[in-house]
Structure formats: structure tokens, C-alpha cells
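Residue-level structure breakdown
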Amino acid sequence: NMDTIKILGTDDTPSVTLDAANDVFEISGRSLPEDVAAFYAPVLSWLGEYAGSPNAKTVFSFKLVYFNTASSKLLLDILMKLEEISEAGHEVLVKWYYPDDDEDMEEAGKEYAEIVGIPFEQVPYEVQ
């Protein structure tokens, strides 16, 4: 029975919810932590454990408005974990939300989609 991870976002760190029981997997906000490896370590460790007995379907949402270069590598590590789950025969979908006026964030989603062999859904939204 997996513990739930809930991290509340700040100006520099994203909100993270990893809740297998309720099918909520989401990273949102801004990602430029001072120590990016330390911030994402528990996330990657949780996903590693989750990969051992994942839900029938995992829909993972990214709703980032900004991430720095250091974070981009860790986001790829997360996507690689999801790819492992998919390759083991489980259904995985990534929803990549981006502000509809942010070409960089849209492009980032497309680049990730090309690197990892899992279904990506690009979801533009209007920033209020």
C-alpha cells in the first residue's frame, strides 16, 4: 500500500501529488529548486516503488508554468520511469498542460514526447 506524496508548491518548487489510491499523479507550478536532485529524489523513489505494482492505468499530469535547465533533466527521469511502467505492459498517459500563449512550454512537451515512447496528450489552457 503506497504512501501518498503531497508537496505544496512555492515560488521555486512545484506542487507534487502522487496518490495511487485516488489515481492522482501531478506536478504543477514552477520548478527551479536550489537543489533539484534533492527535491526530486523522493518523487523518483516513489515512482520506482510504484512501478513494482502500478495501477492498471496511470495518467500523469504536468502543469508547469516554468522549469529551469536543471529541472528538465529530472523531469526526463520521471518520464523514463513512466516509460518503464508502460514497457512492462501497463497503460500510461502523460497529459502535458501548457499556457496557450507559451510556445516554449508547448515545445518542451513535444520534445519530451519524442524522447520517451509513451502516449502524450498536449493540453493548452487559458491563463486567467
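Please refer to the structure higher up on the page.
A brief structural summary.

The rules behind the values
Residues numbered from 1 in each chain as written. Predicted model: local features only at pLDDT ≥ 70, side-chain atom pairs only at ≥ 80, totals over all residues. Heavy atoms only, no water. Helix = DSSP H or I, 4+ residues; strand = E, 2+ residues; numbered from the N terminus. Expected span 1.5 Å × (residues − 1). Buried < 20%, exposed > 50% of the residue type's maximum accessible area, 1.4 Å probe, protein only. Contact = heavy atoms within 4.5 Å. Pairing = 2+ DSSP bridges. Axes fitted to C-alpha atoms, helices over the stretch in contact; angles between N-to-C directions. Phe/Tyr/Trp six-rings, centres within 6.5 Å; stacked < 30°, edge-to-face > 60°. Lys NZ or Arg CZ within 6 Å of the ring centre and 35° of its normal. Salt bridge = Lys/Arg side-chain N within 4 Å of Asp/Glu carboxyl O.

Okay, helix α2 (residues 69-87) next. The terminal C-alpha atoms of α2 lie 27 Å apart, and with 19 residues this matches the ideal 27 Å at 1.5 Å per residue to within 8%. Where α2 is concerned, the buried positions are Ser 71, Leu 74, Leu 75, Leu 76, Ile 78, Leu 79, Leu 82, Glu 83 and Ile 85. Of the surrounding elements, those touching the buried residues of α2 are β3 (24-31), α1 (36-50), β4 (57-67), β5 (91-99), α3 (103-115) and β6 (120-125). Gly 89 occupies a position one or two residues after α2 and carries a positive phi of about 100 degrees.

With that settled, the discussion passes to the pairing of strand β2 (residues 15-19). The side chains of a regular strand alternate between both faces of the sheet. Across the 5 residues that make up β2, a large majority, 4, are buried. With 3 bridges joining them, strand β1 (residues 5-7) and β2 adopt antiparallel strand pairing. Considered in β2, the bridge of Ile 7 is made with Val 16.

This paragraph deals with unusual backbone geometry. Despite not being glycine, Asp 23 shows a phi value in the positive range, around 60 degrees. Structurally, the position occupied by Asp 23 is in the loop between β2 and β3.

Relative to the helices and strands, Tyr 66 resides in strand β4. Once residues lying within four places of it in the same chain are set aside, the contact partners of Tyr 66 are Gly 29, Arg 30, Ser 31, Leu 32 and Met 105.

Before going further, it helps to examine the sheet that holds β6. Sheet strands associate in pairs through backbone hydrogen bonding, adopting either a parallel or an antiparallel arrangement. The strand order across the open sheet formed by 6 strands is β1-β2-β3-β4-β5-β6, and the pairing between neighbours is mixed. Each edge of the open sheet carries a strand with a single partner, namely β1 and β6. With direction set aside, neighbouring strand axes in the sheet form an average angle of 15 degrees. Helix-sheet contacts for α1 involve β1, β2, β3 and β4, and the interaxial angle to β2 is about 20 degrees.

Bringing the packing of aromatic side chains into the picture now. Across all of its chains, the model carries 11 aromatic pairs by this definition. On the basis of an interplanar angle of 35 degrees and a centroid distance of 5.0 Å, the ring pair of Phe 60 and Phe 62 is categorised as tilted. Here Trp 96 and Phe 120 contribute two aromatic rings whose centre-to-centre distance is 6.5 Å and whose plane-to-plane angle is 35 degrees, an arrangement assigned as tilted. Residue Trp 96 is found in strand β5, and its partner Phe 120 is found in strand β6; the two are separated by 24 residues along the sequence. Aromatic rings pair up to connect Phe 25, Trp 46, Tyr 50, Phe 60, Phe 62, Phe 67, Trp 96, Tyr 112 and Phe 120 into one cluster. Positioned over the ring face of Tyr 97 is Lys 63, at 4.6 Å from the centre of the ring.

Note on pairing: side chains with opposite charge can pair once their charged atoms come close. Summed over the entire model, instances satisfying the criterion amount to 4 salt bridges. A salt bridge links Glu 26 to Lys 63, with the shortest nitrogen-to-oxygen separation between them at 3.6 Å. Of the two residues, Glu 26 sits in strand β3 while Lys 63 sits in strand β4, which places them 37 residues apart along the sequence. A relative accessible area of 23% places Glu 26 in the partly exposed class. Given the relative accessible area of 29%, Lys 63 is considered partly exposed. Note that Lys 57 is salt-bridged to Glu 91, the shortest N-O span being 3.4 Å. Taken as a pair, Lys 57 in strand β4 and Glu 91 in strand β5 lie far apart in primary sequence, 34 residues in all. A residue is classified by how much of its surface remains accessible, and Lys 57, at 36% relative accessible area, is partly exposed.

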